[in-house]
Each structure stands twice: as C-alpha cells, then as structure tokens.
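Chain and residue survey
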Amino acid sequence: MNTANRLTPYLFLAPAAIIMIIALLYPLGYMVYGSFRDWNPAQALSETEFVGLKNYISLWNDAAFRESLGVTLTFAFFCVFAELILGVGLALLLDRKLRGMSVLRTLFILPMMIAPVVVGLMWRYMYHPTVGTFNRWLESAGINGIDWLGRNALMSVIIADIWQWTPFIFILALAALQSLPQSALEAARIDGATSWQLIWHIKLPLMMPVLIVTGLLRLIDAFKVLEVILVMTEGGPGLSTEIVALRISRTATEFRELGVAAAMSNYLLVILLLLTLVMFTFSRIQEIRAQRAAKRIQEES
Amino acid sequence: MLDKHPNPAFYPLLAALIFMAVGPIVLMLANSFKLDVDIISGTSGLIFLPTIQNYETALCDILWYKPDHLDFCQLKFGGSFINSIIIALISTVLTLVLGAMAAYALVRFRFLGRDTASLTTLLVRMVPPAVLLVPVFGLWNNDFCIGKNTSFGEFLRNIFGGRGDVCLEGTHSGIILIYVAMNLPFVIWILQSFILQVPRSLEEAAKVDGAGTFQVFFKIVLPLIQPGIAAAAIFTFRIAWNEYLLASALADRDTKTVPILLVNNVSEFNIEWGVIMATGMLLAIPPIIFTLFASRQIITGMTAGAVKG
C-alpha cells in the first residue's frame, strides 16, 4: 500500500472531523473549562477568574436548580413510561393487515416532524383557559374548566409530549413486531396459546431488546425537550415546568451567569452520558448474545 | 398475520387515532383562516368565513401589494422565511456530503483512529442543543472572531462593511456551522448502516476499471445509498428548519429564523392568535409536505437510527 492509499480514509473523514472538532468538541471542552470560572457574557473567557468547584457546589445547594432537576426527571420518566405503554399497546392491537394502516402511519409521523415551537403553540391554544378547545368542550358538557397550564402545568406539558412522541414508539414497536420470527408464533399457536399468552410469553419477550433501546432513546430525547415547554408555559407557573434545559438558557441569557450555566450543562451532560452508555452496553450485550446463539445453532446443525 | 375478517372495532379505533394525531394540526389550520374575533368568540367548528388576512399580515414584507387591513408591517415573516430556507438548505447539503464521506471512511477502511472516531460520533449524538448554548454563545462572539486589525479581518470588513471584529455571531454561516456539527453524528451513524449494504464487489469492479476512490464514492456508492440519503436529508432538514434555541442565541435582527419570530410573538400577553397560527402553519408546511410524500423514507430512517442505536 502506498502513502496515497493510506491517506484516503483520512481525506474522507477530515472535513466532517474538522467541523465536529471546531463546533462540537472544542465548545464542549470550552464549556467544561468555563464551568470552573466566574464568567459573565461581557467577558472573554480568558479574562475570567478561576473559582474551582464553586459553581457546581452552589448549584447543588440551589433549591431552584434541584427543583428543575426534579421536574426534568419527572417529566422524562412519566413521558417515556406512558409513551411506551401506549405505543406498544397500540402496536400489539394494530399488528394486522388492515386497510388504512399506511395512512395511519403516515399521519402518525406528522406530530414528530412539525417544529416543536409549533407544537407548543397548538397546545397552548388548546389549553387556553377561556378560548381553548378543551375547556370549551368541558364547559359545553357542563363541567368546570380545568386550569391546564396553571395548577396542572406539568401534567399538561407531559400530555403534549405524549401526543407528539407516542407515534415514534408505536412505529418502532410495530416494525419490531412484524420482524418477529413467524415460526415461533406459529408453533405457539399450534400448541393452543391464547392471544394473551402469545403476547405475554412470546411477543413481548422477543420485542424486549428493541423496546429497551427505543425507550432509552426516547428518554435521552426527553431530556432535550425545550421549545415545546418554552412556548407553552415559559417554565412557569413558578418553577413548575422549568426543565433543566430551560433553566440553562435562562441562567445564561437572563441571569447572565455563564459559569453557572456551564456547570448546569455539565450536570445534564453527565446524566445523558450515563444513559447513552447504558444503551450502548445493552445493545453490545444483545449483539454478543445473538452471535452466540447463531453459533450454537450452527454447531448443532 | 393475515386477518381475513378483522374485528370491526378496529376501524373506529383507527379513525380515533387518526383524529387524535391530526386533530390539533387541522384545528390550527382552521384557526389560521379565522379572524381573531371568531377565534375568541368561540363560534367553533368548521363553519366560518375563511379569510387570508392572517397570512397577509404574516407575509406583509414580501407581498407585492399592501393589504387593506394593515397600516404598518410589523411581523417581518418573509425575511425570516428566506433566512430559514437559506440556513436549512445549506446546512442540510453540507451535512449530507460531509457525513456520507465520513461514514464511508468509517465503514470501508481500517485505519488508525477509526475506533476513536466511531465512538466519539456515537457519544456526541446525545449532546442537547441547550448544552451547546453557553459555549457557542461565548465562542461565536469572542474566540472565533477575526480581529479587525489583522489583514484578513480588514479585508472582510472592507467587503461587507460594518464595525468591530468579524464574528460568526449574527451571520448565516455561524448558524449553519453549528447545525452541520450538530447533525453530523446522526447522519454519519444512519448512513453507515446503508453503506454496509453496498456490495463490495461493485466497488472492486469499478476500481479494476480504473476509477479512483473518490470516483467510486461519488459515482457508485452515493447513488446506491439514495434511500439512506433521503432519510438523513429529511431528518437534518427538520432539525435545521425547526431549531429555535441556538438560532435565537446567534441570530441578529437580519438573520432571524421563523421559529425565533414565532416564539417572540407568542410570549407577549396579548396574543394575536390568528396571525401567530398562520405563521405556525407556514413553518409547519415544509415538514408536512415531506411527511406526506416521503413517509416511507422517514420510517426507514427512524428504524435504522434507533434499532442500531
């Protein structure tokens, strides 16, 4: 192999690598560095003062940050939990050759593709205390309106997210269901399994690897949600829907404390990193298991 | 599983699901054709006199005529629409070309640093835009500036005018750069699985015929992974088109994108529902069109991106 050949892969990789280093990795490093400094937007980072772990520690003692961390965790877990149950349930129900399935799938993608700010706008309108759709329905049914974005803000925000992202789980679960080995299902059916038994003992266990990865992927995404909530509630009332991503942006732009915002970003990043590693390890284990199983089958035959 | 006689209850369920998925969107579409009076008074339902007044208000700065009901063009939607298109299109094309090349290198070559590159791509996929806000804000404003006293900075200043150092902040390129970087990991990841399926024999044959590596890539591999490219393009465009947070930190008055405009007008106390819904509808239309015409590619992309994740 000559030098030109050996350089080829680097030539292919270089443009992407350079952009990612300049605009992704370097900024991340810059942020970690900045999180140890007392930094406001008027200063260049080199002019700032080193404060050690002060930003991290003060955040840990900051009730508002802890509350927003709690809100984020509640939001993420409730959303993903509900979406998994609904999405998988629907997939199991609709896993048959029905006319109109492809239409449903197409229309189901719409909520995910539309801009989060638009989704927030739609729901803000529907939740509106007087002109909103929901309260009008309730009132015409003779029930008092609900204070959607007031006292029940977090729940309302979760409902909007469920509307937007259940289809994601539904589509992936449906794809997983339709690629299950037909032989196993046939065998169980011949043995006289009821459809419940089929779901509990065959379908769900076989789908589990895909479901876990999908759930983790959704969980990671749920920590990234920002615009929908920003448009719907702006984090309020009080701090009741102020997720960490929103708090970072407010700390940076409103309170002008970039160092603290950087430290906050690092906390968020650590959570996401852990989730990614869990997902990564899990799919690795699955791969190895699948390989072993394939090998065993080969040896036996 | 082929059901000859599906339970008749499935069709109502299907209809209910479709209603739930599309209902809010249809509601917004309907409202965008209503006057504010009608929206607030609650003459609800679909019976109303449609008006395009809201769209006229939103688009007033690029209309060729002056709408009667407007004295002053306040909402400059047209300009930000053009900004959004420029930013989304350029960043999508750049991301796809660079991402496809990188994915090709990662799949087809064994080289020093391959595992590091691969792992890094995988890990940075989870970085949320909110985390990039602080560093990007600092870097784009300060560190990534070309001083006005340097010869290159002076040169740029002479061409484009303006004062101070030449910075990325407030330019289209600044926003494009961060979008490309943000989308690259995902595109690389998704395209890898498509490139893996290209038969090596085809590439070998082309090489025997005297094609160089770059020719093989652009003439053989790229055409063969078109479905993957289409899926990746839709996802990249969607993020670049819809993103709000980083754009709001980087854009100035002239480079505002549509989401920024929308958020700025929603957070006011007295929301003009009709106009804002018309703006929202205009922002939603491109993704809706993509979905209706390329839903299969989107589903392919989603499954490829998730299952291999």
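In this text, all values refer to a predicted model and were calculated from it rather than measured experimentally. (Residues numbered from 1 in each chain as written. Chains lettered and ligands numbered in written order. Predicted model: local features only at pLDDT ≥ 70, side-chain atom pairs only at ≥ 80, totals over all residues. Heavy atoms only, no water.)

**Considering the overall build of chain B**
- Across its full length, chain B holds 14 helices and 0 strands.
- Listing every helix and strand of chain B by position from the N terminus yields α-α-α-α-α-α-α-α-α-α-α-α-α-α.
- The buried share of chain B, reckoned over its 309 residues, is 52%.
- A sequence separation of at least 24 residues applies to 68% of the contacts in chain B between residues at least 6 apart.
- Total accessible area computed for chain B in this model is approximately 14500 Å², and 64% of it derives from carbon and sulfur atoms. (Helix = DSSP H or I, 4+ residues; strand = E, 2+ residues; numbered from the N terminus. Buried < 20%, exposed > 50% of the residue type's maximum accessible area, 1.4 Å probe, protein only. Contact = heavy atoms within 4.5 Å. Areas by Shrake-Rupley, 256 points an atom, 1.4 Å probe, with all protein chains shown as cover.)

**Section: the packing of aromatic side chains**
- Applying the stated criterion across every chain yields a total of 27 aromatic pairs over all chains.
- With a centroid separation of 5.1 Å and an interplanar angle of 70°, the aromatic rings of tyrosine 10 of chain A and phenylalanine 111 of chain B are classed as edge-to-face. In this pair, tyrosine 10 of chain A is assigned in helix 1 (residues 3-34) and phenylalanine 111 of chain B in the loop between helix 4 (77-108) and helix 5 (114-124), connecting two distinct chains.
- For tyrosine 10 of chain A, a relative accessible area of 33% gives the class partly exposed. (Phe/Tyr/Trp six-rings, centres within 6.5 Å; stacked < 30°, edge-to-face > 60°.)

**Structural notes on the packing of helix 9 (residues 195-224) of chain A against helix 12 (residues 258-300) of chain A**
All names here are of chain A.
- Orientation of helix 9 relative to helix 12, taken along the N-to-C sense of each, is 165°, at an axis distance of 10 Å. In terms of orientation, helix 9 and helix 12 fall into the roughly antiparallel class. Seen along the crossing, helix 9 lies across helix 12 with a hand that is left-handed. On helix 12, the residues that touch Pro209, Ile212, Val213, Leu216, Leu217, Leu219, Ile220 and Phe223 of helix 9 are Leu268, Ile271, Leu272, Leu275, Thr276, Val278, Met279, Phe282 and Gln286.
- Among the residues forming the contact of helix 9 with helix 12, the class breakdown is 15 nonpolar, 2 polar and no charged. (Axes fitted to C-alpha atoms, helices over the stretch in contact; angles between N-to-C directions. Parallel < 35°, antiparallel > 145°, perpendicular 65-115°, else oblique. Left-handed = near helix turned anticlockwise from the far one by under 90°. Nonpolar A, V, L, I, M, F, W, Y, C, P; charged D, E, K, R; others polar.)

**A closer look at the environment of phenylalanine 108 of chain A**
- Turning to its location among the elements, phenylalanine 108 of chain A is positioned in helix 4 (residues 101-113).
- Classification of phenylalanine 108 of chain A as buried rests on a relative accessible area of 5%.
- The spacing of phenylalanine 108 of chain A and proline 167 of chain A is 59 residues in sequence and 5.6 Å in space, taken between C-alpha atoms.
- Contact partners of phenylalanine 108 of chain A, with chain neighbours within four places excluded, come to Leu90, Pro167 and Phe170 of chain A together with Leu17 and Ala21 of chain B.

**A word on a nonpolar patch on the surface**
- Together, Leu7, Tyr10 and Leu11 of chain A together with Val93, Val97, Leu112, Phe214 and Phe218 of chain B make up an exposed nonpolar region whose accessible area comes to about 760 Å².
- At the level of secondary structure, the elements contributing two or more residues to the nonpolar patch comprise helix 1 of chain A together with helix 4 and helix 10 (213-224) of chain B.
- Mapped onto the fold, phenylalanine 218 of chain B is located in helix 10. (Patch = residues over 30% accessible without salt bridge, like charges linked within 9 Å, V, L, I, M, F, W, Y side chains within 5 Å. Salt bridge = Lys/Arg side-chain N within 4 Å of Asp/Glu carboxyl O.)

**Some thoughts on the confidence of the model for chain A**
- Per-chain confidence: chain A averages 85 in pLDDT, with 99% of residues scoring 70 or above.
- When mean pLDDT is taken per element in chain A, helix 3 (residues 63-94) of chain A scores highest with 90 and helix 6 (residues 133-140) of chain A scores lowest with 79. (pLDDT = per-residue confidence, 0-100.)

**Concerning the pattern of salt bridges**
Residue and element names in this part refer to chain A.
- Tallying each qualifying case throughout the model produces 11 salt bridges over all chains.
- With a shortest N-O distance of 2.9 Å, glutamate 83 and arginine 218 are connected by a salt bridge. On the criterion of sequence distance, the pair formed by glutamate 83 in helix 3 and arginine 218 in helix 9 is long-range, its members being 135 residues apart. With respect to burial, glutamate 83 and arginine 218 carry one shared label: buried.
- A salt bridge links arginine 247 to glutamate 242; the shortest N-O distance between them is 2.6 Å.
- We classify arginine 247 as buried; its relative accessible area is 9%.
- A single salt-bridge network, built from bridges that share partners, covers Glu242, Arg247, Arg250 and Glu254.

**Thoughts on the interface of chain B and chain A**
- At the junction of the two partners, chain B supplies 97 residues and chain A supplies 93 residues.
- For the pair chain B and chain A, the two sides together bury roughly 8500 Å², of which 82% comes from carbon and sulfur.
- At the surface where chain B touches chain A, the tally comes to 8 residue pairs in polar contact (both at pLDDT 80 or more).
- In terms of residues, the side of chain B that touches chain A owes the most to one element, helix 14 (residues 273-307) of chain B, which gives 17 residues.
- Tallied by class, residues from the side of chain B that touches chain A come to 76 nonpolar, 16 polar and 5 charged. (Buried area = accessible area lost by both parts, 1.4 Å probe. Polar contact = N/O pair within 3.5 Å; in protein donor to acceptor, adjacent residues only side chain to side chain.)

**Focus: the packing of helix 10 of chain B against helix 11 (residues 226-242) of chain B**
Residues and elements named next belong to chain B.
- For the pair helix 10 and helix 11, interaxial distance at closest approach is 5 Å and the crossing angle is 70°. On the basis of the axis angle, helix 10 is roughly perpendicular to helix 11. Residues Leu222, Pro223 and Leu224 of helix 10 touch helix 11, and the partners they reach there are Gln226, Pro227 and Ile229.

**Here's the deal with the environment of leucine 272 of chain A**
- Assignment of secondary structure puts leucine 272 of chain A in helix 12.
- Given a relative accessible area of 0%, leucine 272 of chain A falls into the buried group.
- Put simply, leucine 272 of chain A and isoleucine 220 of chain A are 52 residues apart on the chain and 6.2 Å apart in space, counted from C-alpha to C-alpha.
- Apart from residues lying up to four places away in sequence, leucine 272 of chain A is in contact with Ile220 and Phe223 of chain A together with Met126 and Pro128 of chain B.

**Here we look at the side chain of arginine 218 of chain A**
Residues and elements named next belong to chain A.
- Judged by its relative accessible area of 1%, arginine 218 falls in the buried class.
- In this structure the side chain of arginine 218 is engaged in a polar contact, spanning 2.9 Å, whose partner is the side chain of glutamate 83.
- Filtering out sequence-adjacent residues up to four positions away, arginine 218 remains in contact with Val80, Glu83, Asp161, Trp165, Phe168 and Ile169.

**Here's the deal with the nonpolar core**
- Judged by nonpolar contacts, the single largest core of 200 residues is most densely connected at Trp123 and Phe170 of chain A.
- With 16 residues, helix 8 (residues 172-196) of chain B is the largest single contributor of residues to this core.
- Discounting residues that sit within four places of it in the chain, tryptophan 123 of chain A has contacts with Phe134, Ile159, Ala160, Trp163 and Met232 of chain A. (Core = buried A, V, L, I, M, F, W, Y, C linked by side-chain atoms within 4.5 Å.)

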